[in-house]
Amino acid sequence: DTGVSQDPRHKITKRGQNVTFRCDPISEHNRLYWYRQTLGQGPEFLTYFQNEAQLEKSRLLSDRFSAERPKGSFSTLEIQRTEQGDSAMYLCASRLGQINTEAFFGQGTRLTVV
Amino acid sequence: GENVEQHPSTLSVQEGDSAVIKCTYSDSASNYFPWYKQELGKRPQLIIDIRSNVGEKKDQRIAVTLNKTAKHFSLHITETQPEDSAVYFCALNRDDKIIFGKGTRLHILP
């Protein structure tokens, strides 16, 4: 499968627990993005990487959220001390380095905090 | 930050009729405008995009128009079919990020 893959597809966790999601982008794509999507809304930008460098974080991203892309390939998104408001679909996307190219999305990880 | 306003939020059209979704934006520096389709439970997928050096682009039943002066762009779907039922998102590129509108849920009525 040469598309963007995310793991796990679903995660149910108790409030206060930490969770970590993984994204494997398309191999030649150097840009990797994390989005959050809630029901009835568009994908909301969280953060993005160019290779291993994290270039921008949304001001909506609290300090409980952290993302890494240590070798410029896969990325992880960790949420510490989860809250019910963190329940959402977390989408990863990747694209080639040139400006104005298509972003390809993964299937997402659906997080439910109970 | 950049906002993309998308209208309508819901649209119902008779099968075979046309559907039009409109988006407006404020940052004149935006120069790439993709449209994504998201079916229930699936990932968003690009259906068409347009760059600021052209005013219109067409791909079979789908077309997008861009008015950079007025800062709006639109998606046109002609001869709608049941499989067109989905949520459609307009988006734009700003500072290497893709910013999305809130989406339009399109219902194709039999």
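A quick note: this is a predicted structure, and the numbers were derived from the prediction, not measured.

Cut-offs applied
Residues numbered from 1 in each chain as written. Chains lettered and ligands numbered in written order. Predicted model: local features only at pLDDT ≥ 70, side-chain atom pairs only at ≥ 80, totals over all residues. Heavy atoms only, no water. Contact = heavy atoms within 4.5 Å. Buried area = accessible area lost by both parts, 1.4 Å probe. Salt bridge = Lys/Arg side-chain N within 4 Å of Asp/Glu carboxyl O. Polar contact = N/O pair within 3.5 Å; in protein donor to acceptor, adjacent residues only side chain to side chain. Helix = DSSP H or I, 4+ residues; strand = E, 2+ residues; numbered from the N terminus. Nonpolar A, V, L, I, M, F, W, Y, C, P; charged D, E, K, R; others polar.

Turning to the interface of chain A and chain B, a few remarks are in order. If you look at the interface, chain A gives 22 residues, while chain B gives 19 residues. Summed over both partners, the interface of chain A with chain B buries about 1900 Å², with 45% contributed by carbon and sulfur atoms. Sorting the residues of chain A by area buried against chain B places Asn100, Phe105 and Gln107 of chain A first, and these three jointly supply 29% of that buried surface. Linking chain A with chain B are 3 salt bridges, by the criterion used here. Linking chain A with chain B are 9 residue pairs in polar contact (both at pLDDT 80 or more). Only β4 (31–37), β5 (44–50) and β9 (88–95) of chain A provide two or more residues apiece to the side of chain A that touches chain B. Looking at the side of chain A that touches chain B, the element that brings in the most residues is β4 of chain A, giving 4 residues. A breakdown of the residues in the side of chain A that touches chain B according to their chemical character gives 10 nonpolar, 8 polar and 4 charged.

This brings us to unusual backbone geometry. The peptide bond linking Asp7 of chain A to Pro8 of chain A adopts the cis configuration, its omega dihedral lying at -5°. Relative to the elements of secondary structure, Pro8 of chain A occurs in the loop between β1 (5–7) and β2 (10–13). In this model, His7 of chain B is joined to Pro8 of chain B through a cis peptide bond whose omega is -5°. Within the chain, Asp95 of chain B stands out as a residue other than glycine whose phi angle is a positive 50°. Inspection of the secondary structure assignment puts Asp95 of chain B in the loop between β9 (86–94) and β10 (97–100).

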